[in-house]
Each structure stands twice: as structure tokens, then as C-alpha cells.
Amino acid sequence: MITAIVLIKTSVDRIPEIAESIAALDSVSEVFSVTGTYDLIAMVRVREHEDLAEVIPGRISKIPGVEGTDTHVAFRTYSQHDLEAAFSIGLDN
């Protein structure tokens, strides 16, 4: 699974509607409304690297009100669940 973090600039008067439209896309797992330079952050998860082109410029960027995106592809994913599993290896309860 490939994970991309997409930073999104939007029309500020339509942030909730744009966020809902992005969240409704199949490969988008979460959308966060944030402070700072960008208005939204979307987590995109796809099976193939080529699928990112279909989702990000092909769908997200075409949603009315999306003004620009900046995409970061994850090399590796770390989560609390992964850390707990790693630390519990070989431990008896």
C-alpha cells in the first residue's frame, strides 16, 4: 500500500464543502482541516504508484475550489499499533 500526504490550498470560503468532496473519493482515507499555509491535508492510500496520478491531479485537483496541492509520498509508515507489536515480540504475558 502506498501512502501519500497531500497538502491542499482551497478557496477559504468553501473549505468544509471541498473537504467533504475530497473525503468522498475512494482512495482518500482522511481529510484534515488545518491551520497554516495549507487549508486541508488528505491521506491518500493506493495500491500502485501510478494510481496516485489518477487520484491527486486526476480527481482532487479537479474539485472546484481546490487551488493547488503539494504531495509527499511516504517511504515507510510508523504507527502506535506497529510500535506496540514490535515491542511485544518475544515477551510473555
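- Per an unreviewed UniProt entry, the protein goes by the name Lrp/AsnC ligand binding domain-containing protein and belongs to Streptomyces indiaensis.

1. Thoughts on the nonpolar core
No. 1: If you look at the biggest cluster of nonpolar residues, it comprises 20 residues, and the most contacted ones within it are I8, I22, V44 and I60.
No. 2: Looking at this core, the elements with two or more residues in it are strand 1 (2-10), helix 1 (15-23), strand 3 (40-46) and helix 2 (51-55).
No. 3: The contact partners of V44, leaving out residues within four places of it in the chain, are I2, T3, A4, V6, S27, V28, L52, V55 and I60.

2. Re the side chain of T3
No. 1: The residue T3 is located in strand 1 in this model.
No. 2: In this structure T3 comes out as buried when scored by relative accessible area, which is 9%.
No. 3: Those residues in contact with T3 that lie beyond four places of it in its chain are M43, V44, R45, H72, V73, A74 and T77.

3. A short note on the environment of V66
No. 1: Summarising the element assignment, V66 is placed in strand 4 (residues 66-73).
No. 2: Apart from the residues lying within four places of it in its own chain, the contact partners of V66 are I8, K9, T10, I18, I22, I60 and S61.

4. Section: the sheet that holds strand 1
No. 1: The strand order 2-3-1-4 describes an open sheet built from four strands, whose pairing is antiparallel. Every interior strand has two partners, whereas the edge strands, strand 2 (28-33) and strand 4, have only one. Ignoring which end each strand starts from, the neighbouring axes of this sheet average 20° apart.
No. 2: Where helix 1 meets the sheet, its contacts fall on strand 1, strand 2, strand 3 and strand 4, and the angle it forms with strand 2 comes to roughly 165°.

How each quantity is defined
- Residues numbered from 1 in each chain as written.
- Predicted model: local features only at pLDDT ≥ 70, side-chain atom pairs only at ≥ 80, totals over all residues.
- Heavy atoms only, no water.
- Core = buried A, V, L, I, M, F, W, Y, C linked by side-chain atoms within 4.5 Å.
- Buried < 20%, exposed > 50% of the residue type's maximum accessible area, 1.4 Å probe, protein only.
- Helix = DSSP H or I, 4+ residues; strand = E, 2+ residues; numbered from the N terminus.
- Contact = heavy atoms within 4.5 Å.
- Pairing = 2+ DSSP bridges.
- Axes fitted to C-alpha atoms, helices over the stretch in contact; angles between N-to-C directions.

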